Amino acid sequence: MTSAISVTDLTKVYGERSALSHATFEVPLGTVCGFVGPNGSGKTTTIRMLLGLITPTGGTGTVLGESILHPERYLPKVGAMIEGPAFYPGLSGAENLKVLASLGGFPSARVATLLEKVGLADRGGSKYKTYSLGMKQRLGIAAALLPNPKLLVLDEPTNGLDPSGIQEVRNLIKDLASEGTSVFVSSHLLSELEMIAESLVMLREGKVLFAGRTQDLLAAQLATLVAEPEFSVDLNKLVDIAIRHGHEASVEAGTVHIVADAEWGATFNRLAFNAGITLSALTATQATLEETFFEMTGE
Amino acid sequence: MFNVMRAELRKLRRPTLLVSTILVVAALTALFTSIVYLRANSGQGNGQRGEIISPAILSQAAGLVYGFKIVSFFLGITALCVFASQTAQEYTLGTLRNLLVRQPSRMKILSGKYLSMVIFAIALVTIDAIVAISVSYGLAPHAKVTTTAWFTSAALSLLGRTFVNVLLTTIAFGTFGMILGLLFRSPISAISTGVIWSLILETILAGVVSSTQKWLPGQNFDNIAQGGSLTVSYKWSMGISAAYLVVGFTIVALLFKRRDVAN
Ligand SMILES: Nc1ncnc2c1ncn2[C@@H]1O[C@H](COP(=O)(O)OP(=O)(O)OP(=O)(O)O)[C@@H](O)[C@H]1O
Ligand SMILES: [Mg+2]
């Protein structure tokens, strides 16, 4: 077994509409994999199929080496939060976790440790219905950690969390990954994913647009050089120089944007100098995941 | 299955549900039993459906269990509501997905829930028995009822039989509630359908066309607790109740097993 999750041609059709269509991807064992896509692109549908909640219309898949047709073989080692937290409003946070602990046959002694871990230690006794959005989300994460999972599946775990909560989740995921837990996490916070996800699966309208290493996705995107001349009259001259040397270029907000790698920066600087233009700034930028996402999903 | 049962009992144990149910059951049992005894010498209706239950009747062995079984229908409705809501709320709260991730076998979830329902029903019937018998014994002197016949072995075996019958009635209504809960997937629809059907429609139907009584589920469930009536026998009620519930439960169990959990 080398992959935590592996699906081939996975498909789910609701009536006329395909929520997921022939998805094929793999999540390597022991890594953090980000799962991204616009609203309604099929992320939650995929996650539900991986957890045995809905039956695929077609295709196959394995989780921790076992077929998704037999969720009972792998779910004891999987922690999950699907589409936000869902608990019994009349029970306290701690009791809610104990219900799930009884169900999975886990020691209820873990409940206190987990509440501590997600920062709910002093509110574990309060009723769930009195929790704030972020507290509910934290309880959902605690529930996902109940089994000491080998694979953690999180559907938008940072929804509703404050900045420090977001950071805590990021650190939690990093810690778990360093202990060898595989994490499959869907999120709309692309800058967060960029920091933690070694690999990515990107969906649009139920189809996989990209599945592979984050690094490869970003590297495939063209880098940009941003140059600022000392005198703005030279802007168009700089554009001409770049185009003459085979690089797309344009003027944007008093700077010249050139589609080129960082390495070409030195050459460009020399060319500008030879043309009698002094650059007051020259920076190379790599596309962020967010820009790449917009580029690819056409959103 | 036992893990599921333990988890379910944790939910049922929550004070607001448990305490209020116990208090209501105890209060109603006490109320109806008191009426039987306090009006025993009035010559007016003091029993079910305006029957006259005289002190002479109450002084027999059956007097021990009269108050106990008088609230069976109400215990049934309580079980129906509690279990319609316990099953349907998993859908409306979205908690079913958590349950199924921790216990993927849907049949184990269902049987664990069923077991917890049976335990809850046993608790309801036990409270009913204790309260009814205590009130009966306490009010017997006032109603000029002699209780010597209550302590014979015949009375005790009648008590045992009545306990089982009232329990069967409560479980039958509880099962009906679970069926409705799984079918409607919403506590409000399930409870209102169950209550309106059993409490109102059936009563009207049975009143207007008495021959329907034999076929109405709720009437038959309750007839088990009464040990049968003059018009419908105990055996018939057992048979028809079991048939309804087995068919109904099989259908919803298959639905539950197959249906996508997409909320
Ligand atoms: N039970 C259902 N019945 C019919 N259609 C459904 C059902 N569940 C999901 N869909 C459809 O499947 C598509 C994918 O939905 P899904 O919830 O997987 O998207 P998502 O990527 O998780 O979106 P979001 O980012 O908004 O959470 C949507 O078009 C949705 O309307
Ligand atoms: Mg979603």
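Residues numbered from 1 in each chain as written. Chains lettered and ligands numbered in written order. Predicted model: local features only at pLDDT ≥ 70, side-chain atom pairs only at ≥ 80, totals over all residues. Heavy atoms only, no water.

Looking at the overall build of chain A
Selection criterion: Per the convention used, a helix needs a DSSP run of H or I reaching at least four residues, while a strand needs a run of E reaching at least two, with both numbered from the N terminus. When accessible area is computed with a 1.4 Å probe and restricted to protein chains, residues below 20% of their type maximum are described as buried, those above 50% as exposed, and intermediate ones as partly exposed. Note on contacts: a residue pair qualifies if any of its non-hydrogen atoms lie within 4.5 Å across the two residues. For the area figures, the Shrake-Rupley method with a 1.4 Å probe applies, and any residue is considered shielded solely by the protein chains shown. All tallies of charge rest on Lys and Arg as positive and Asp and Glu as negative; His and the ends of each chain are not included. For charged residues, the charge sits on one atom: NZ in Lys, CZ in Arg, CG in Asp, CD in Glu.
Per the secondary structure count, chain A includes 11 helices and 14 strands. Seen through its C-alpha atoms, chain A measures out along the principal axes to roughly 75 × 45 × 35 Å. Here chain A holds 299 residues, and 52% of them are scored as buried. Sequence separation of 24 or more characterises 68% of the internal contacts of chain A that already satisfy a separation of 6 or more. When the accessible surface of chain A is split by element, carbon and sulfur atoms take 50% of a total near 13,400 Å². If you average the places of the 23 positive and of the 32 negative side-chain charges in chain A, the two averages end up 10 Å apart.

Concerning the sheet that holds strand β13 (residues 255-259) of chain A
Sheet strands pair via backbone hydrogen bonds, and the direction of the pair is either parallel or antiparallel. Residue and element names in this part refer to chain A. Rules: At least two bridges found by DSSP between two strands is the condition for calling them paired. Angles run from 0 to 180 degrees between N-to-C directions of axes, and those axes are lines fitted to C-alpha atoms, restricted for helices to the stretch in contact.
Spatially, β12-β13-β11-β14 is the arrangement adopted by the four strands of the open sheet, whose pairing is antiparallel. Both outer strands of the open sheet, β12 (249-252) and β14 (279-285), are each paired with one neighbouring strand and no more. Shown here is a sheet whose adjacent strand axes are inclined to one another by a mean of 20°, direction ignored. Strand direction decides the pairing type here: strand β11 (residues 224-229) and β14, joined by six bridges, are antiparallel. By the bridge assignment, L225 is partnered in β14 with A284. Contacting β11, β13 and β14, helix α10 (residues 264-274) runs over the sheet at an angle of about 160° to β14.

Quick look at the interface of chain A and chain B
Threshold: Defined here as a combined quantity, buried area equals the accessible surface (1.4 Å probe) lost by two parts on assembly, summed across both. What counts as a salt bridge is simple: a side-chain nitrogen of Lys or Arg found within 4 Å of a carboxyl oxygen of Asp or Glu.
Chain A puts 36 residues into the contact, and the matching count from chain B is 28 residues. Overall, the association of chain A and chain B removes approximately 2,500 Å² of surface from exposure, summing both partners, and the carbon and sulfur fraction of that is 59%. Area buried by chain A at its contact with chain B is led by L53, Y88 and L103 of chain A, which between them contribute 28% of it. Our count for the chain A to chain B interface comes out at one salt bridge. For K12 of chain A, the salt bridge is made with D260 of chain B, and the minimal N-O distance between the two is 2.7 Å.

Considerations on the site of ligand 1
Stated formally: When we say a residue is near a molecule or strand, we mean one of its heavy atoms is within 4 Å of it. Polar contact criterion, stated in full: a pair of N or O atoms within 3.5 Å, where within protein one must be able to donate a hydrogen and the other to accept it, and residues adjacent in sequence count only if both atoms are side-chain atoms. Any residue that is not Ala, Val, Leu, Ile, Met, Phe, Trp, Tyr, Cys, Pro, Asp, Glu, Lys or Arg is counted as polar, Gly included; the first ten are nonpolar and the last four charged.
The local shell around ligand 1 holds 14 residues, among which N39, G40, K43, T44 and T45 of chain A are the closest. Those chains with residues close to ligand 1 are chains A and B. Between ligand 1 and K43 of chain A, the relevant distance is 2.7 Å, taken from an oxygen atom to a side-chain nitrogen or oxygen of the residue. At a separation of 3.0 Å, an oxygen atom of ligand 1 approaches a polar side-chain atom of H188 of chain A. Taken by itself ligand 1 offers 630 Å² of open surface, and the protein chains cover 68% of this. Among the secondary structure elements, those contributing two or more residues to the shell around ligand 1 are β2 (17-28) and α1 (43-50) of chain A. Among the elements that take part in the shell around ligand 1, α1 of chain A stands out by supplying three residues, more than any other. Residue classes in the shell around ligand 1 are distributed as four nonpolar, seven polar and three charged.

Here's the deal with the environment of P71 of chain A
Along the polypeptide, P71 of chain A turns up in helix α2 (residues 71-74). Each C-alpha atom, one on P71 of chain A and one on M49 of chain A, is 9.6 Å from the other, the two residues being 22 residues apart in sequence. Those residues within four positions of P71 of chain A in sequence are excluded, and the remaining contacts are L51, G52 and P76 of chain A together with P104 of chain B.

Here's the deal with the packing of helix α3 (residues 93-104) of chain A against helix α5 (residues 133-145) of chain A
Residues and elements named next belong to chain A. Counted only if it meets this: Every angle not falling under 35 degrees, over 145, or within 65 to 115 is termed oblique; those three ranges are roughly parallel, roughly antiparallel and roughly perpendicular. Left-handed is the label given to a crossing in which the near helix is rotated counterclockwise from the far helix by less than a right angle, and right-handed is the label when the rotation is clockwise.
For the pair α3 and α5, interaxial distance at closest approach is 10 Å and the crossing angle is 30°. On the basis of the axis angle, α3 is roughly parallel to α5. The handedness of the crossing between α3 and α5 is right-handed. Contacts between α3 and α5 involve G93, N96, L97 and L100 on the former and, on the latter, L139, A142 and A143. In terms of residue class, the contact of α3 with α5 is built from five nonpolar, two polar and no charged.

What to know about the domain arrangement of chain A
One frequent convention defines the size of an interface as the accessible area lost when the parts assemble. Residues and elements named next belong to chain A. Applicable threshold: These domain boundaries are the output of an automatic or database domain assignment.
What the domain assignment reports for chain A is domain 1 (3-216) and domain 2 (224-297). The C-alpha-based centres of domain 1 and domain 2 are spaced at 41 Å. Of the residues lining the interface, 12 residues belong to domain 1; the matching set on domain 2 comes to six residues. At the boundary of domain 1 with domain 2, total buried surface from both sides reaches about 820 Å², with 80% on carbon and sulfur atoms. Among the residues domain 1 hides against domain 2, the three largest losses belong to L190, E194 and M202. Together they make up 56% of the total. Our count for the contact surface shared by domain 1 and domain 2 stands at zero salt bridges. Taken together, domain 1 and domain 2 are joined by one residue pair in polar contact (both at pLDDT 80 or more). Breaking the side of domain 1 that touches domain 2 down by element, the ones donating at least two residues are α7 (190-196), β9 (199-204) and β10 (207-213). By residue number, the principal contributor to the side of domain 1 that touches domain 2 is β9, which donates four residues. Class assignment of the residues belonging to the side of domain 1 that touches domain 2 gives a composition of nine nonpolar, one polar and two charged.

Details of the packing of aromatic side chains
Residue and element names in this part refer to chain B. Note the following rule: Planes of paired rings set the category: under 30 degrees apart is stacked, over 60 is edge-to-face and the rest tilted, where pairs are Phe, Tyr or Trp rings (Trp by its six-membered ring) whose centres lie within 6.5 Å. Any Lys NZ or Arg CZ that is within 6 Å of a ring centre and within 35 degrees of that ring's normal is treated as a charge sitting over the ring.
Across all of its chains, the model carries 16 aromatic pairs over all chains by this definition. Between Y37 and W150 the ring centres are 6.4 Å apart and the planes differ by 80°, which places this aromatic pair in the edge-to-face class. On the criterion of sequence distance, the pair formed by Y37 in helix α2 (residues 15-38) and W150 in the loop between α7 (106-139) and α8 (153-184) is long-range, its members being 113 residues apart. Note on accessibility: Y37 and W150 belong to one class, buried. Members of the aromatic cluster, each reached through a chain of ring pairs, are F73, F173, F176 and F221. The aromatic ring of W236 is capped on one face by K214, whose charged end is 4.5 Å from the ring centroid.

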